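Per-entry structural report
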Amino acid sequence: MSAWFTPRNVVVAVLLAFLALVPVYSALTGNAFLMTLFTRIVILAMAATSLNLILGYGGMVSFGHAVYLGIGGYAIGILAHEGIGSGFVQWPIAIGASALFALGVGALSLRTRGLYFIMITLAFAQLVYYFGVGLDRYGADDGLQLYRRSQFADPINLSNRTQFYYGCFVLLVASIYLTWRIVNSRFGLVIQGARSNDRRMQAIGFPTYRYRLICFVIAGTMCGLAGVLLANHTEFVSPAMMHWTRSGDLIVMVVLGGMASTFGPLIGAVTLLVLEEVLPVLIKLVATPIVGSAATRAAEYWQIVMGPLFLLVVLFARGGINGLLVSLRRD
Amino acid sequence: MTEALLQIEGLTKRFGGVTASDGVDLAVQPGELHAVIGPNGAGKTTLIGQLTGEIAPDAGRVGFAGEDITTLAVHARSQRGLARSFQITSLFSDFTALDNVALAVQAHSGHSFHFWHDARSEAALRQPARETLARVGLAGREQILVSSMSHGEHRQLEIAMVLATRPRMLLLDEPMAGLGPEESVRMIALLRALKSELTILLVEHDMDAVFALADRISVMVYGRVIASGAPAEIRANAEVRKAYLGEQDGQ
């Protein structure tokens, strides 16, 4: 029993319990904002989880991962715009499109290494971003409003915010579980071996390219599903969903939470997105007695605080927040 | 003479103006331990690279077990039973010793598109890996992270990785590199034991090891094989003494 009672596991358990209770709290207090915020957090945590599979476990630093949010989202938006509202049609198409795109990008980019890989994944993401900007029929730069969320058969009703939140939450937990199973399977060990020493992997007889490619496709597909959820959540899709800064945010979540750890991306996503909300308020609180009304202006620059915090984690906690929590145990 | 297990014919590789392999001919008979020696820069590592498929030759042919493998990919050669060890230790440093060897076992037990079951609980992978670790003298070190093992242990693990692929032939690239006197003695004993089961091509600088183990020796200088024969012949060969052994005596 005591083997499970570690600081990290306690934090993860509390976090999961909290996430499971958000709708309850929201209903009791009537705080709809909290619900909206955490739906977004849960969805982006899923995207970060998928990125962790290739970045953390596979050592494939994709700098264009948000593109799958865009592809999944746009598939929903475009189909809805064309009058196809059924989730049974929308979702498979969205997920299939993400998988296909990942297959194409992966097949080309996985032939390169290091900086070139980063640049090629970024280039493909930018390509799709500008393609989205050029889609006049679907709102171009301004994006596209979803007139309604994906339609499923009764009793599934995504327009019910509580039901939608729990749907996202279950899918998040499922993707974390799936990732955990994958990375400890034969397939996962090949992926991790290729991260550690690809040359040796080939020398002992693994055709690593095809394993890495399949891993890349799994991650892209999972992130595409997150994009489907995000589009349904905001009822709006725009090129901004797949802007490169969003890809950067996903990397920050993974690194902040802890690369190649089961719950790292979840911890990272919650930390980053909650700080995004809390830091401006905190700055305002602290600064008001000192500089008066200028504190409101100061609060806009919350990233000045966020940046150094991230830097500290990168410099002093190599395993991210997860690694920090794990190391607490040894003391 | 029986048919050679490894047959190298006219292998040539140029890097700019340097000819690293200059029409290398070499045949390794089944069951033989064939050592390749030569001064630094003689082209031994380039030769290994071409045999494993990491370097594409400009000309020539490599045959293994009756098959032309000249253009085969690195992993495919391993699958056919040609295994190589690395001169500079090349392991999975963030894995345990057992995970390292189990991965080598896994590479040769079907494809790895299994996404669900915990590979670390598969006896079919762990048991052979444990046995291989015991064989190279690393019993009891299974759960140690490779990054916290000594250099000598890394060299032992290198051999375990190669053996775990259940090869027909070993390409050993300086297995003695950096070993202390005691560790060298143990490594020679290990290689002597392997020699009775496997065909081995040994690239090595340690002359004591080479003359203690080799059935045949080939001497490379400037990318060419200048002599090939039994250890006694090589020792007596005037050209070799001048090009290589003489240098050592003079040191």
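Source: prediction; values computed, not measured.

Attention now moves to the overall build of chain A. From N to C terminus, chain A includes 13 helices and 2 strands. Computed over C-alpha atoms, the radius of gyration of chain A comes to 20 Å, within 12% of the 20 Å expected from 2.2 N^0.38 for 331 residues, which places it in the range of a compact globule. By its C-alpha atoms, chain A is 65 × 60 × 40 Å across when sized along the principal axes. For chain A, the residues scored as buried account for 53% of the 331 residues in total. Counting only contacts in chain A whose residues sit at least 6 apart along the sequence, the fraction spanning at least 24 positions is 78%. Total accessible area on chain A stands at roughly 14800 Å², and carbon and sulfur atoms take up 69% of it.

Overall, the coordinates contain 20 salt bridges over all chains when judged by the stated rule. Of the charged contacts, one joins A:Glu82 and A:Arg137 as a salt bridge, the two residues approaching to 2.8 Å between their closest N and O atoms. You can see A:Glu82 sitting in the loop between helix H3 (66–81) and helix H4 (87–109) and its partner A:Arg137 sitting in the loop between helix H5 (114–133) and strand S1 (144–145), a full 55 residues away along the chain. Ionic pairing is found between B:Asp58 and B:Lys13, a salt bridge with its closest N-O pair at 3.6 Å. Separated by 45 residues along the polypeptide, B:Asp58 in the loop between helix H1 (44–52) and strand S4 (59–64) and B:Lys13 in strand S1 (residues 6–15) bring together distant segments of the chain. You can call B:Asp58 partly exposed: its relative accessible area is 43%. Using a relative accessible area of 13% as the deciding quantity, one classes B:Lys13 as buried. Salt bridges linked by common partners bring A:Arg199, B:Glu54, B:Arg84 and B:Asp173 together as one network.

Okay, the domain arrangement of chain B next. All names here are of chain B. What the domain assignment lists for chain B is domain 1 (1–81 + 169–251) and domain 2 (92–166). Placing the centre of domain 1 and that of domain 2 at their C-alpha centroids yields a distance of 26 Å. Facing the 19 residues of domain 1 at the interface are 11 residues of domain 2. Carbon and sulfur atoms supply 59% of the area that domain 1 and domain 2 bury against each other, a total of about 1100 Å² over both sides. It is Gln-79, Leu-190 and Leu-194 that lose the most area in domain 1 upon contact with domain 2, and together they represent 31% of the buried surface on that side. The partner of Glu-197 in a salt bridge is Arg-135, with the nearest N and O atoms 2.8 Å apart. Our count for the contact surface shared by domain 1 and domain 2 stands at 6 residue pairs in polar contact (both at pLDDT 80 or more). For the side of domain 1 that touches domain 2, the secondary structure elements donating two or more residues are helix H2 (74–79), strand S7 (169–173) and helix H6 (181–195). Sorting elements by how many residues they give to the side of domain 1 that touches domain 2 places H6 first, with 7 residues. Looking at side-chain class alone, the side of domain 1 that touches domain 2 contains 11 nonpolar, 3 polar and 5 charged residues.

Aromatic ring pairs: the centre-centre distance and the angle between the two ring planes describe each pair. Residue and element names in this part refer to chain A. Applying the stated criterion across every chain, the model contains 18 aromatic pairs over all chains. Note on Tyr-129 and Tyr-130: the rings are 5.0 Å apart at their centroids and 85° apart in plane angle, and the pair reads as edge-to-face. In this structure Tyr-130 comes out as exposed when scored by relative accessible area, which is 54%. Measuring from ring centre to ring centre gives 6.0 Å for Tyr-177 and Trp-180, while their planes differ by 35°; the resulting arrangement is tilted.

A word on empty space enclosed by the protein. Over the atoms, a rolled probe matching the size of one water molecule traces out where space is still vacant. On inspection of all chains with the given rule, the structure shows 2 cavities of 30 Å³ or more. In this model, the largest cavity occupies a volume close to 50 Å³. If you go around the largest cavity, the residues you meet are A:Ala203, B:Thr52, B:Val74, B:Arg77, B:Ser78, B:Leu82 and B:Arg84. Those elements that place two or more of their residues in the lining of the largest cavity are H2 and strand S6 (82–85) of chain B.

This part is about the interface of chain B and chain A. Contact with chain B, which involves 35 residues of that partner, is made by 28 residues of chain A. Carbon and sulfur atoms make up 58% of the area that chain B and chain A hide from each other, which totals about 2900 Å². Between the two partners, chain B and chain A, sit 4 salt bridges. The partner of A:Arg199 in a salt bridge is B:Glu54, and the shortest N-O contact between them spans 2.8 Å. Put simply, chain B and chain A have 22 residue pairs in polar contact (both at pLDDT 80 or more) between them. Looking at the side of chain B that touches chain A, the elements that each hand over two or more residues are H2, helix H3 (97–106) and helix H5 (151–163) of chain B. The biggest single contributor to the side of chain B that touches chain A is H2(B), with 4 residues. Partitioning the side of chain B that touches chain A into residue classes produces 15 nonpolar, 13 polar and 7 charged.

Reading the values: the criteria
Residues numbered from 1 in each chain as written. Chains lettered and ligands numbered in written order. Predicted model: local features only at pLDDT ≥ 70, side-chain atom pairs only at ≥ 80, totals over all residues. Heavy atoms only, no water. Helix = DSSP H or I, 4+ residues; strand = E, 2+ residues; numbered from the N terminus. Rg over C-alpha atoms; globule rule 2.2 N^0.38 Å. Buried < 20%, exposed > 50% of the residue type's maximum accessible area, 1.4 Å probe, protein only. Contact = heavy atoms within 4.5 Å. Areas by Shrake-Rupley, 256 points an atom, 1.4 Å probe, with all protein chains shown as cover. Salt bridge = Lys/Arg side-chain N within 4 Å of Asp/Glu carboxyl O. Domains from an automatic or database assignment. Buried area = accessible area lost by both parts, 1.4 Å probe. Polar contact = N/O pair within 3.5 Å; in protein donor to acceptor, adjacent residues only side chain to side chain. Nonpolar A, V, L, I, M, F, W, Y, C, P; charged D, E, K, R; others polar. Phe/Tyr/Trp six-rings, centres within 6.5 Å; stacked < 30°, edge-to-face > 60°. 1 Å grid on protein atoms, 1.4 Å probe; cavity = no way out; pocket = protein on both sides within 12 Å on 5 of 7 lines; lining within 4 Å. Points joined across faces, edges and corners; volume = space filled by probe spheres on them.

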